[in-house]
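So the chains spell out like this:
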Amino acid sequence: HPVNGDPEAAAGRWGKWWALRMDHLFGMGAWLLWEQLPPVTQELVARILEHDADLYNQDQAPALLYDDTQGESNAWTAGGLALAHCMLKQHPRRGLWGEKAKEFMISAYATEADVTSERVVDGKPLNRWLQAPNAFPDYTVENHGFIHPIYMAAISEMVRSAICYRLAGEPVPQAATFNADHVFD
């Protein structure tokens with residue numbers, strides 16, 4: 001990883017697109033074993049989470065309805081942001097990461113009706129969280145030119161972030177399961 005001196009990563013091969021998905025996977029493992037990890041490894045994990053969460057500080061959650069939904073990548077990005085928020089409790093940008101996690105979760109499987117809705121989710125009307133839809137009115141998503149069940153199943157990437165909040169002793173935000181009941185229906 002670039003923050004830990006990997007020369008290939010520093011050359012840009014690590015990539016932003018998958019970063020927080022990988023962080024969520026290895027970061028949860030590290031968190032569950034935290035007390036058994038040497039301090040140097042704990043520091044390296046924390047530095048990676050901080051670096052990758054910061055990549056999204058200024059980004060709006062993307063949305064595309066046709067051909068290339070952003071649902072799955074928003075769901076896994078949200079999971080990594082939620083982990084950084086929950087795990088790095090003393091970090092000064094923790095609050096920003098928590099808000100970004102909710103934004104990416106809500107956007108992941110939002111419909112056009114959600115984009116215009118005044119319904120309040122996690123303290124803010126949906127029309128203030130969202131810019132555009134990623135899901136059709138029937139909660140399906142399109143990728144590679146067809147309705148794609150694998151990209152619909154990726155909602156699990158955001159739903160499992162509830163584990164982060166529970167481990168941190170915090171309430172699970174409404175965003176963690178936003179539209180999951182409809183997608184799974």
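Everything quoted here is computed from the prediction, not taken from an experiment. (Residues numbered from 1 in each chain as written. Predicted model: local features only at pLDDT ≥ 70, side-chain atom pairs only at ≥ 80, totals over all residues. Heavy atoms only, no water.)

Another point: the overall build of the protein chain. Within the protein chain one finds eleven helices and four strands. Relative to the compact-globule value of 16 Å for 185 residues, the protein chain shows a C-alpha radius of gyration of 16 Å, a close match. Overall size of the protein chain, expressed as C-alpha extent along the three principal axes, is 50 × 35 × 30 Å. Buried positions account for 51% of the 185 residues belonging to the protein chain. Long-range contacts, defined here as pairs at least 24 residues apart, represent 70% of the contacts in the protein chain between residues at least 6 apart. For the protein chain, the accessible surface area stands at approximately 9,000 Å², while carbon and sulfur atoms represent 56% of it. For the protein chain, the separation between the mean place of its 14 positive charges and that of its 24 negative charges on side chains is 7 Å. (Helix = DSSP H or I, 4+ residues; strand = E, 2+ residues; numbered from the N terminus. Rg over C-alpha atoms; globule rule 2.2 N^0.38 Å. Buried < 20%, exposed > 50% of the residue type's maximum accessible area, 1.4 Å probe, protein only. Contact = heavy atoms within 4.5 Å. Areas by Shrake-Rupley, 256 points an atom, 1.4 Å probe, with all protein chains shown as cover. Lys, Arg positive; Asp, Glu negative; His and termini not counted. Charge placed at Lys NZ, Arg CZ, Asp CG, Glu CD.)

Moving on to the pattern of salt bridges. Enumeration according to the criterion identifies eight salt bridges in this entry. In this structure, the salt-bridge partner of E157 is R160, at a minimum N-O distance of 2.8 Å. Assessed through its relative accessible area of 7%, E157 is described here as buried. Since its relative accessible area comes to 28%, R160 is described here as partly exposed. Several salt bridges share partner residues, and in doing so they unite R21, E157 and R160 into one network. (Salt bridge = Lys/Arg side-chain N within 4 Å of Asp/Glu carboxyl O.)

Turning our eyes to something else, we now look at a nonpolar patch on the surface. A contiguous nonpolar surface patch, about 380 Å² in accessible area, is contributed by L32, L33, I163 and L167. Checked against the element boundaries, L167 lands in helix 10 (residues 162-167). A relative accessible area of 43% places L167 in the partly exposed class. (Patch = residues over 30% accessible without salt bridge, like charges linked within 9 Å, V, L, I, M, F, W, Y side chains within 5 Å.)

To continue, consider the packing of helix 2 (residues 19-32) against helix 3 (residues 39-54). At a minimum axis separation of 10 Å, helix 2 and helix 3 run at an interaxial angle of 155°. Between helix 2 and helix 3, the angle falls in the class roughly antiparallel. Where helix 2 crosses over helix 3, the two elements pack in a sense that is left-handed. Along the contact surface, helix 2 presents A19, L20, D23, F26 and A30, while helix 3 presents V45, I48, L49, D52 and A53. (Axes fitted to C-alpha atoms, helices over the stretch in contact; angles between N-to-C directions. Parallel < 35°, antiparallel > 145°, perpendicular 65-115°, else oblique. Left-handed = near helix turned anticlockwise from the far one by under 90°.)

That's the geometry; what it means functionally is another story.
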